[in-house]
Amino acid sequence: MPQILVDHSADLDFDRPGFAAAVHSVIAEVIDTTVADCKTVFRPAGHDTVGDGRSGQAVVLVEIKILAGRSTDRRAELTARVLALLESHVAVPALLGVEVTELDRETYRFVHHPGR
């Protein structure tokens, strides 16, 4: 169920598989889910700009989508732990952001499509 979307500067060099594995483990620890249910997509940005564009800093923005119903404290814990993971996986100066959003249980659907 958890969907993890990682938007990042295209030229940022970091261990994506290692970060995904660590994030999946943290999510399974913090909320009621399993590692096998986590899905992460990395989306290198075609262009990014910080401020006036002169800093040259990389950007990494992580959105974690989970089913609604977890407490604010639980979501805040998840945000803090994922931010700490980002800090340990990104070795260059960067602006890092993490947000946990909720999916509406009444309208969200996910299927394992077997293909044709």
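This section reports on the structure supplied with the text. (Residues numbered from 1 in each chain as written. Predicted model: local features only at pLDDT ≥ 70, side-chain atom pairs only at ≥ 80, totals over all residues. Heavy atoms only, no water.)

A short note on the overall build of the chain
Thought 1: Of the regular secondary structure elements, the chain holds two helices and four strands.
Thought 2: Mapped from its N terminus to its C terminus, the chain presents α and β elements in the order β-α-β-β-α-β.
Thought 3: The long-range share in the chain, meaning contacts at least 24 apart out of those at least 6 apart in sequence, stands at 78%.
Thought 4: Accessible surface computed for the chain: about 7000 Å², of which carbon and sulfur atoms make up 52%.
Thought 5: One way to put it: in the chain the 12 positive side-chain charges average out to a point 6 Å from where the 17 negative ones average out. (Helix = DSSP H or I, 4+ residues; strand = E, 2+ residues; numbered from the N terminus. Contact = heavy atoms within 4.5 Å. Areas by Shrake-Rupley, 256 points an atom, 1.4 Å probe, with all protein chains shown as cover. Lys, Arg positive; Asp, Glu negative; His and termini not counted. Charge placed at Lys NZ, Arg CZ, Asp CG, Glu CD.)

Here's the deal with the packing of aromatic side chains
Thought 1: One pass over the full model with this rule turns up two aromatic pairs.
Thought 2: Considering the side-chain rings of Phe-14 and Phe-19, the 6.2 Å spacing of their centres and the 70° angle between planes classify their relative orientation as edge-to-face. For the pair Phe-14 and Phe-19, one class covers both residues: buried.
Thought 3: Ring centres 6.0 Å apart and planes at 65° place the aromatic pair Phe-14 and Phe-42 in the edge-to-face group. With Phe-14 in the loop between strand 1 (3-9) and helix 1 (16-30) and Phe-42 in strand 2 (residues 39-45), the pair connects residues that are 28 residues apart, well separated along the chain. (Phe/Tyr/Trp six-rings, centres within 6.5 Å; stacked < 30°, edge-to-face > 60°. Buried < 20%, exposed > 50% of the residue type's maximum accessible area, 1.4 Å probe, protein only.)

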